[in-house]
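Understanding the architecture of this molecule
What follows is each chain in one-letter form.
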Amino acid sequence: MSEHNINGKRVAFLLTDGVEQIELTSPWDAVKNAGGEPVLVAPKSGKLQGFEGVDKGDTFDVDLTLAEANASDFHALVIPGGVVNADHLRVNKDAQAFARSFFEQHKPVAAICHGPWLLIDAGVVKGRNLTSYHTLATDLRNAGANWTDEEVVVDQGFVTSRKPGDLRAFNDKVLEEIAEGEHADQTA
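First, a word on what this report is: a plain description of the structure on this page. (Residues numbered from 1 in each chain as written. Predicted model: local features only at pLDDT ≥ 70, side-chain atom pairs only at ≥ 80, totals over all residues. Heavy atoms only, no water.)

A short note on helix 3 (residues 93-104)
Two residues of an α-helix separated by three or four positions point the same way, owing to the 3.6 residues in each turn. Filter applied, for reference: Numbering of helices and strands runs from the N terminus; a helix is a DSSP stretch of H or I covering at least four residues, while a strand is a stretch of E covering at least two. The span expected for a helix works out to 1.5 Å for each residue beyond the first. Only protein chains enter the accessibility calculation, which uses a 1.4 Å probe. A residue is then buried if its area is under 20% of the maximum for its type, exposed if over 50%, and partly exposed in between. Polar contact criterion, stated in full: a pair of N or O atoms within 3.5 Å, where within protein one must be able to donate a hydrogen and the other to accept it, and residues adjacent in sequence count only if both atoms are side-chain atoms.
For helix 3, spanning 12 residues, the distance from its first C-alpha to its last is 16 Å, which sits close to the expected 16 Å at 1.5 Å a residue. Within the sequence span of helix 3, burial applies to Ala95, Gln96, Phe98, Ala99, Ser101, Phe102 and Phe103. Its side-chain oxygen at 2.9 Å from the backbone nitrogen of Asp94, Asn92 defines the N-terminal cap of helix 3. Phi turns positive, to about 60°, at His106, one or two residues after helix 3.

Here is the structure:
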């Protein structure tokens, strides 16, 4: 059981096919075990294909499509990684708008691995401290972010980590930020 109580808090998990499975299931279970309600939001309804590296993993049921989801109905946003997942989400205008609205509403946002790619296209990383999978460092710096190679970086309600090996630290900070709630300085 987590030291952070997030009873009744709804957390959107934004992803599509090609998600790095452990980066979905690990924070999802952490949110659930802390009393929160994880909700899978995706561009399309049905089932999504998870991956374990380059191998197909499990499939996951979509709870809400982006067309049905509204950031004001959630307390926080989690963006798992996976190259294919992130590459498809980053060019999706609805995904960009959904992610941006969490920043505009000063709500916690967490992204791991390739997840921050979407946030470049959402226009919310300039001036922010963050980390990601190392291959995104140049993209993030070019978008104006302050990128560092650390296990977990927290910047006013914005949590980022590099890879599955960072999940323990990532999950702990995600729960902490959700428990703290809105941050006035968390902004687009």
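We are not done yet, so read on.
What to know about the nonpolar core
Inclusion rule: Definition used in this section: a nonpolar core is a set of buried Ala, Val, Leu, Ile, Met, Phe, Trp, Tyr and Cys residues joined via side-chain atoms within 4.5 Å. Two residues qualify as a contact provided that any one of their heavy atoms is within 4.5 Å of a heavy atom in the partner residue.
Judged by nonpolar contacts, the single largest core of 33 residues is most densely connected at Leu14, Val41, Leu77, Phe98 and Leu119. Put simply, the parts of the chain that give this core at least two residues each are strand 1 (10-14), strand 3 (37-42), strand 7 (76-79), helix 2 (83-90), helix 3, strand 8 (109-112), helix 4 (116-121) and helix 5 (137-142). Ranked by residues supplied to this core, first place goes to helix 3 with 5 residues. Residues within four places of Leu119 in sequence aside, it is in contact with Ile79, Ala99, Phe103, Val109, Ala111, Val124, Val125 and Phe158. Formed by 28 residues, the second largest nonpolar core is a distinct cluster that contains Leu15, Val31, Ala42 and Val152.

Details of the packing of aromatic side chains
Rules: Stacked, edge-to-face and tilted labels apply to pairs of Phe, Tyr and Trp rings (six-membered ring for Trp) whose centres lie within 6.5 Å, assigned for plane angles under 30 degrees, over 60, and everything in between, in that order.
For the coordinates displayed, the defined rule picks out 5 aromatic pairs. Consider the rings of Phe74 and Phe102, whose centres lie 6.5 Å apart with planes at 40°: the pair is tilted. You can see Phe74 sitting in the loop between strand 6 (64-65) and strand 7 and its partner Phe102 sitting in helix 3, a full 28 residues away along the chain. Grouping residues by exposure puts Phe74 and Phe102 together as buried. For the pair Phe98 and Phe102, a centre-to-centre distance of 5.1 Å together with 80° between the ring planes defines the contact as edge-to-face. Placement of the pair is Phe98 and Phe102 together in helix 3, with a separation of 4 residues, close to one helical turn.

Details of the pairing of strand 5 (residues 55-61)
For clarity, the threshold we go by: Two strands pair under a simple rule: DSSP has to find at least two bridges between them.
Relative to strand 5, strand 4 (residues 47-52) runs antiparallel, the two sharing 5 bridges. Looking at strand 5, one finds that Phe51 is bridged to Lys56. Linking strand 4 back to strand 5 in an antiparallel pair, the connection comprises 2 residues, with Gly53 at a positive phi of about 70°.

Description of the environment of Ala111
For Ala111, the location among the structural elements is in strand 8. For Ala111, a relative accessible area of 0% corresponds to the buried category. In this structure the C-alpha to C-alpha distance between Ala111 and Ala30, which are 81 residues apart in sequence, comes to 15 Å. Apart from residues no more than four positions distant in its own chain, Ala111 is found in contact with Ile79, Pro116, Leu119, Val159, Thr160, Ser161 and Phe170.

Description of helix 2
Using the following cut-off: As used here, the arc is the angular range of directions from the helix axis to the C-beta atoms.
Along helix 2, the positions that sit buried rather than exposed are Asn85, Ala86, Leu89 and Arg90. Across the axial projection of helix 2, the buried residues extend over an arc of 115°, all falling on one side. On the buried face of helix 2, the contacting elements are strand 1, strand 2 (19-20), helix 3, helix 4 and helix 5.

Looking at the sheet that holds strand 6
The test is simple: Fitted lines through C-alpha atoms serve as axes, helices being fitted only where they are in contact, and the angles separating the N-to-C directions of these axes extend from 0 to 180 degrees.
Read from one edge of the open sheet, 7 strands run 6-3-1-7-8-12-11, paired in mixed fashion. Edge positions in the open sheet fall to strand 6 and strand 11 (152-155), since each of these has one partner strand only. Both strand 1 and strand 7 contribute to a ladder of 3 bridges, which runs parallel. Paired with Ala12 across the two strands is Leu77, which belongs to strand 7. On the sheet, helix 6 (residues 167-180) packs against strand 1, strand 7, strand 8, strand 11 and strand 12 (158-161) and is oriented at approximately 175° with respect to strand 12.

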